[in-house]
Amino acid sequence: PEAESGDGADASSIAELRDAAKACRRCPLWADATQTVFGEGPEDARIVFVGEQPGDQEDLAGKPFVGPAGKVFDGVLEEAGVDRSITYVTNGVKHFKFEPRGKRRIHSKPNAGEISACRWWLDHELALIKPDLAVAMGATAAQSLLGKSIAVTKMRGQVVTRDDGLRVFLTIHPSFILRIPDPSDKEAERERFVADMRAVKQLMA
Ligand code: URA
């Protein structure tokens, strides 16, 4: 469809783009979510981290990665020596998708149509920030950044260069770690995630 005014197409800053995204109707997810959860971080960031979509707490706070997955993410970044405050953190899909279950809202996976509709925003974020590296955390982020489906558990640790020259580092999503029941498996997986983040840091050195 033709670009309408207010769709962020001519935004000259992340602040303007974020503002335009508040009224996004590109897919139906806006209707049940509290608000658009846009990316956050300095506009001159050299690394952009991309997750899947906001969770329950992010939906309420209006900020990415502040809930349980965000705690894992923060801890792993700290252990790897990556300063989150100089990176830009965003999601492939910017509204929370969920199924109500009693009083709780259970995360549900965005589909290909929702991911594709929301690429509009990610593309514009990347065009303004022009990072040296994007980190795809999980399959949704990889789909969103690369436009195709990727087996991230097999491809993790690898860098794929897009046609526009942007390097995309592939890794798992932090909530993958949260879902592992066995404590020693969980710790091993967390260590692998730390190793991925050290590799990211190395790529930026
Ligand atoms: N999971 C994500 O992918 N993104 C968030 O912002 C929070 C949880």
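Not measured: the values here are computed from a predicted model.

A. Seen up close, the site of the ligand. Around the ligand, the structure places 13 residues, and the nearest of them are Gly51, Glu52, Gly55, Pro64 and Ala69. Residues belonging to the shell around the ligand are distributed by class as follows: four nonpolar, seven polar and two charged.

B. Examining the sheet that holds strand S7 (residues 167-171) more closely. In space, the five strands of this open sheet follow the order S2-S1-S5-S7-S6, with mixed pairing throughout. Pairing within the sheet leaves two strands with one partner each, and these edge strands are strand S2 (88-91) and strand S6 (159-161). Across the sheet, the mean angle from the axis of one strand to that of its neighbour is 25 degrees, orientation sign disregarded. Each of strand S1 (47-51), strand S5 (133-137), S6 and S7 is contacted by helix H5 (residues 139-146), which is oriented at about 140 degrees to S5, the strand it contacts most.

C. Structural detail: the pairing of strand S4 (residues 104-107). Bridge count between strand S3 (residues 98-101) and S4: four bridges; the pairing is antiparallel. What sits directly across from Arg101, in S4, is Arg104. Here S3 folds back onto S4, and the loop between the two strands holds two residues, one of which, Gly102, carries a positive phi near 65 degrees.

D. How the structure looks around the nonpolar core. Counting residues in each nonpolar core, the largest one holds 46 residues, and the members touching the most others are Val48, Val50, Ala134, Val135, Ala136 and Ala142. Contact partners of Val135, with chain neighbours within four places excluded, come to Ile47, Phe49, Val50, Phe169, Thr171 and Val200.

E. A look at H5. Within H5, seven of the eight residues are buried, which leaves it mostly tucked inside the rest of the structure. By the burial criterion, the buried members of H5 are Ala139, Thr140, Ala141, Ala142, Gln143, Ser144 and Leu145. Phi for Gly147, located one or two positions after H5, is positive at around 70 degrees.

F. The arrangement of the packing of helix H1 (residues 14-21) against helix H4 (residues 112-129) in detail. Relative to each other, H1 and H4 sit at 170 degrees, their axes nearing to 10 Å. Put simply, H1 runs roughly antiparallel to H4. In this structure, H1 uses Ile14, Leu17 and Ala21 to contact H4, whose residues at the interface are Trp121, His124, Glu125 and Leu128. When its residues are assigned to classes, the contact of H1 with H4 shows five nonpolar, one polar and one charged.

G. Here's a closer look at the UniProt feature "domain: Uracil-DNA glycosylase-like" (unreviewed entry) in the protein chain. In the numbering used here, UniProt assigns the "domain: Uracil-DNA glycosylase-like" (unreviewed entry) feature to residues 38-198. Secondary structure over residues 38-198 splits into 43% helix and 19% strand, and the C-alpha atoms at its two ends are 26 Å apart.

H. Looking closely at unusual backbone geometry. Non-glycine residue Phe65 carries a positive phi angle of around 50 degrees. Position of Phe65 among the secondary structure elements: in the loop between helix H2 (56-61) and helix H3 (68-80). A positive phi angle, close to 50 degrees, is found at Lys130, a residue other than glycine. Residue position: Lys130 is located in the loop between H4 and S5.

Rules behind the numbers
Per chain, residues are indexed from 1 in the order of the written sequence. Whole-chain, interface and lining totals are the exception, using all residues; otherwise, since this is a predicted model, local features are given only for residues with pLDDT of at least 70 and side-chain atom pairs are given and counted only at 80 or more. Here, nearness is defined through the C-beta atom: a residue counts as near a molecule or strand if that backbone-placed atom lies within 6 Å of it. Throughout, the ten residues Ala, Val, Leu, Ile, Met, Phe, Trp, Tyr, Cys and Pro are labelled nonpolar, Asp, Glu, Lys and Arg are labelled charged, and all others, Gly among them, are labelled polar. Here the rule is simple: two strands pair whenever DSSP picks up at least two bridges between them. Helix and strand definitions here come from DSSP, where helices need a minimum of 4 consecutive H or I residues and strands a minimum of 2 consecutive E residues; each element is numbered from the N-terminal end. Angles shown run from 0 to 180 degrees and are taken between the N-to-C directions of axes, each axis being a line fitted to C-alpha atoms and, for helices, limited to the stretch in contact. Here contacts are defined at the residue level, using C-beta atoms placed from the backbone and a cut-off of 7 Å between them. A set of buried residues qualifies as a nonpolar core if it consists of Ala, Val, Leu, Ile, Met, Phe, Trp, Tyr and Cys joined through C-beta atoms within 7 Å. Partly exposed residues are those falling between the two cut-offs: more than 12 but fewer than 20 other C-beta atoms within 10 Å of their own, whereas 20 or more means buried and 12 or fewer means exposed, with C-beta atoms placed from the backbone. Geometric relationships in this document are graded by angle, where less than 35 degrees denotes roughly parallel, more than 145 denotes roughly antiparallel, 65 to 115 denotes roughly perpendicular, and other angles denote oblique. UniProt positions are given in the numbering used here, feature names are shortened, and annotations may be inferred rather than shown by experiment.

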